[in-house]
Amino acid sequence: MDMLITIAVIVVKITCIYGGMIVIAALTTLAERKVSAWIQFRHGPNRVGPWGILQPLADGVKFIFKEELVPDSANKWMFRMAPALSAMPAMMGVAVIPFAAESPLYKDSGPLAIADLDIGVLYVLAFSGLSIYGIILGGWASNSKFSLLGAIRASAQMVSYELAMILSIMAIVVMSGSFNMTEIASLQAGPLWNWNIFSQPVAFMLFLIATFAETNRHPFDFAECEPELVGGFHTEYSSMRFALFFLGEYCAIFVMCCMTVVFFLGGFEVPFWEDAPWFIQVGAMVSKVVAFLFLFIWVRWTIPRFRFDQLMGLGWKVFLPVALVNLLITGGLVSAGIL
Amino acid sequence: MVIVKRKELSLSERLYLPEIFRGMSMTFRAMFKPAVTRQYPEEPLPTDEVTRGQPRLATNDEDGSIRCVSCGLCEAACPAYAITIDGQDTDRNAITIAGDVTEKFIEREPKEFEIDMLRCILCGFCEEACPKDAIFMSDELELADFTRKDLIYGLDKLKRPVSTLRPRIDYIYKVNERWQASSSTR
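Residues numbered from 1 in each chain as written. Chains lettered and ligands numbered in written order. Predicted model: local features only at pLDDT ≥ 70, side-chain atom pairs only at ≥ 80, totals over all residues. Heavy atoms only, no water.

### A short note on the pattern of salt bridges
Under the convention used in this document: By convention in these notes, a salt bridge is any Lys or Arg side-chain nitrogen within 4 Å of a carboxyl oxygen on Asp or Glu. Starting at the N terminus, helices and strands are each numbered in turn, a helix being any DSSP run of H or I of at least four residues and a strand any DSSP run of E of at least two. Three labels apply to residues, based on accessible area from a 1.4 Å probe with only protein chains included: buried if under 20% of the type maximum, exposed if over 50%, partly exposed otherwise in between.
Under the defined criterion, the tally for this structure stands at 13 salt bridges over all chains. Between Glu32 of chain A and Arg217 of chain A there is a salt bridge, and its shortest N-O distance comes to 2.8 Å. Pair noted here: Glu32 of chain A is in helix α1 (residues 2-39) and Arg217 of chain A is in the loop between α8 (201-214) and α9 (226-229), with a separation of 185 residues, a long-range link. What makes Arg217 of chain A buried here is its relative accessible area of 2%. The closest approach of N and O atoms between Glu42 of chain B and Arg47 of chain A, which form a salt bridge, is 3.1 Å. Taken together, the positions of Glu42 of chain B in the loop between α2 (17-30) and β1 (55-59) and Arg47 of chain A in the loop between α1 and α2 (55-65) put the pair across two chains. By relative accessible area, which is 53% here, Glu42 of chain B ends up exposed. Beyond isolated ion pairs, a larger network of salt bridges with shared partners links Glu32, Arg217, Glu249 and Arg300 of chain A.

### Details of the nonpolar core
Here is the rule we go by: To form a nonpolar core, buried Ala, Val, Leu, Ile, Met, Phe, Trp, Tyr and Cys residues must be joined to one another through side-chain atoms within 4.5 Å.
The biggest cluster of nonpolar side chains holds 82 residues, and the ones touching the most others in it are Val94, Ile97, Phe99, Phe220, Met259, Phe263 and Met285 of chain A. In terms of residues, this core owes the most to one element, helix α10 (residues 239-264) of chain A, which gives 13 residues. Membership of the second largest hydrophobic core comes to 22 residues, among which are Leu57, Ile66, Cys130 and Leu158 of chain B.

### Let's talk about unusual backbone geometry
One non-glycine residue, Trp51 of chain A, adopts positive backbone phi at about 65 degrees. The residue Trp51 of chain A is located in the loop between α1 and α2 in this model. Backbone geometry places Tyr81 of chain B, a non-glycine residue, at a positive phi of 50 degrees. Its place among the elements puts Tyr81 of chain B in the loop between α3 (73-77) and β2 (83-90).

### Topic: a negative patch on the surface
Test applied: Residues forming no salt bridge and having over 30% relative accessible area are the ones grouped into patches, like charges within 9 Å of each other and nonpolar side chains (Val, Leu, Ile, Met, Phe, Trp, Tyr) within 5 Å. Calculation of accessible area relied on Shrake-Rupley with a 1.4 Å probe; when residues are assessed, cover is drawn exclusively from the protein chains displayed. Think of it this way: Lys and Arg go in the positive column, Asp and Glu in the negative one, and His and the chain ends go nowhere. Where a charge lies is defined by one atom per residue type: Lys uses NZ, Arg uses CZ, Asp uses CG and Glu uses CD.
Taken together, Asp48, Glu49, Asp139 and Asp170 of chain B make up a surface patch of like negative charges. Within the element layout of this structure, Glu49 of chain B appears in the loop between α2 and β1.

### A short note on the interface of chain A and chain B
Here is the rule we go by: Here, residues are in contact when the closest pair of their heavy atoms is within 4.5 Å. Here the quantity called buried area is the total loss of accessible area, with a 1.4 Å probe, experienced by two parts when brought into contact, counted for both. N or O atoms closer than or at 3.5 Å make up a polar contact, with two conditions inside protein: a donor-capable atom paired with an acceptor-capable one, and, for residues adjacent in sequence, both atoms drawn from side chains.
Counting residues at the interface gives 17 residues for chain A, matched by 18 residues for chain B. When the area that chain A buries against chain B is broken down by residue, the three leading residues are Phe41, His43 and Trp298 of chain A, summing to 38%. Our count for the contact surface shared by chain A and chain B stands at 1 salt bridge. For the pair chain A and chain B, the number of links is 9 residue pairs in polar contact (both at pLDDT 80 or more). At the level of elements, α1 and α11 (278-300) of chain A are the ones that each hand at least two residues to the side of chain A that touches chain B. When residues of the side of chain A that touches chain B are assigned to their parent elements, the largest contribution, 4 residues, is made by α11 of chain A.

### What about the sheet that holds strand β8 (residues 159-161) of chain B?
All names here are of chain B. Quick note on the threshold: Strand pairing follows a simple DSSP-based rule, namely that at least 2 bridges must link the two strands. Each axis is a line fitted through C-alpha atoms, taken for helices only over the stretch in contact, and angles between the N-to-C directions span 0 to 180 degrees.
Ordered by their spatial adjacency, 3 strands build an open sheet running β6-β1-β8, and the pairing between neighbours is mixed. For this open sheet the edge positions go to β6 (135-137) and β8, each flanked by a neighbour on one side alone. Recorded for the sheet is a direction-independent mean angle of 50 degrees between the axes of neighbouring strands. The pairing of β1 with β8 spans 3 bridges and is parallel.

### Side note on the packing of aromatic side chains
The following threshold applies: Pairing of aromatic side chains here covers Phe, Tyr and the six-membered ring of Trp, requires ring centres within 6.5 Å, and sorts the geometry by plane angle: under 30 degrees stacked, over 60 edge-to-face, intermediate tilted. In this scheme, Lys NZ or Arg CZ marks a charge over a ring once it lies within 6 Å of the ring centre and within 35 degrees of the ring normal.
For the structure shown, the criterion picks out 21 aromatic pairs over all chains. Seen in terms of ring centroids, Phe63 of chain A and Phe242 of chain A are 5.6 Å apart; in terms of plane orientation they differ by 55 degrees. Their pairing is tilted. A residue pair is termed long-range when its members are at least 10 positions apart, and Phe63 of chain A in helix α2 and Phe242 of chain A in helix α10 qualify at 179 residues. An angle of 90 degrees between the planes, with centres 5.9 Å apart, marks the rings of Phe207 of chain A and Phe263 of chain A as edge-to-face. Placement of Phe207 of chain A in helix α8 and of Phe263 of chain A in helix α10 is noted, with a sequence separation of 56 residues between them. Here Phe207 of chain A and Phe263 of chain A have matching classes, each one buried. An aromatic cluster is present here, built from Tyr161, Phe220, Phe306 and Phe319 of chain A together with Tyr16 of chain B joined pairwise through their rings. Positioned above the aromatic ring of Trp51 of chain A is the side chain of Lys34 of chain A, whose terminal nitrogen or guanidinium carbon lies 4.6 Å from the ring centre. Over the aromatic face of Phe308 of chain A sits the side chain of Arg153 of chain A, whose NZ or CZ is 5.4 Å from the ring centroid.

That's the geometry; what it means functionally is another story.
Structural data, given as structure tokens:
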């Protein structure tokens, strides 16, 4: 009986969290177009449903009815597999993100996360690292120079940024003494200044900038880079395969925003209110994440794209040393018992 | 050889981040400014008497009779050969006293007056050629239909009461007056 309840609880959690993530990812595409419109003195989509709220649905229907083209010279098997390989890891990452300290479904079922892993940080980093394979495979299998260039850029960018990103998180891990996402979030409970953003501003900035590179967003979207590479790695893709790349990208953004919130903004904790009820905590988590999603969109429509060598230089020559020094100082302070 | 003098960047500009925040504050403020896009079908294009829309035939307000006498001048003036007129006799202006026709005043009126709106280039030559103030460029701009045949406008689609065209007529008279004024060459 206990077994059954546990399975039922997990199924309900998976349904709710994944459903919520897909809905938020779809609404992000709408928000992207709305916010970009506002920034450029336009209206944005406003024809489908009230306030254009059904636009993602209309886009989805459109994608389904589009013809699926596979280039003659493409490696068919990998070409078909790449979008799934890109979207799946992006969606897997959300499994360890805690949305509340207590699950409302069943007593003692732990935090409201699909899996409360003790190595949650490593898990989510590993999966966000895996998502690059989909892009590389998609770019290579298309047999197009634009796709290949996009894929190569994506992988080079990945290597130079992943390192700084992980080292900046390590500072948080050293401070919290845990790889568990829920624990990292819980340690930031209490007053506002308990949030890690105040004790680790450098790590926060590094991580934030690295997430932009990690999710291939402006100003680091070299993998797509419309003016130079047509569409980058997804130049040859159409229909639902393209939609899957797209969905994966937005899910990755959602997961990255969740990570930023958990690591630096107290996750599900409400400032000055410890042990808030679960729905308040979920609300706090989601509103923080939505604020970061807005930041992602806002930055995209503000900052022009970097040059590729500037990104590499920034990653290796600035961010890596800064992250290392930050980690060194944090480690020193922690072992001295100050932090 | 031209030596371009580059602007020396200040420290905050070289650090890049302060400039990013400046740019972001600019885009954030832009978000609350009103949109400049016109929502077209709901918000139609603004028109006034200068608007040179599609040509329309004026009808008298009193009896709804058409002013056109099918003289064919507009047909001749039309550079796009869009106008086709087929005329006939009419006694519409007969002078009557106590219901009896005292003097039959024969005039002509168009039996068919077709403007092929697919050919019309909205130049307004017909309006200038017309000696009877019968054809004017209206402020109607929208032109869309499902078949080409429906876009060849006949009398039924072209007639407009002269009062609706009044601003345009007054404008044309005003413009013509300017040419009639004495000039240095005369």
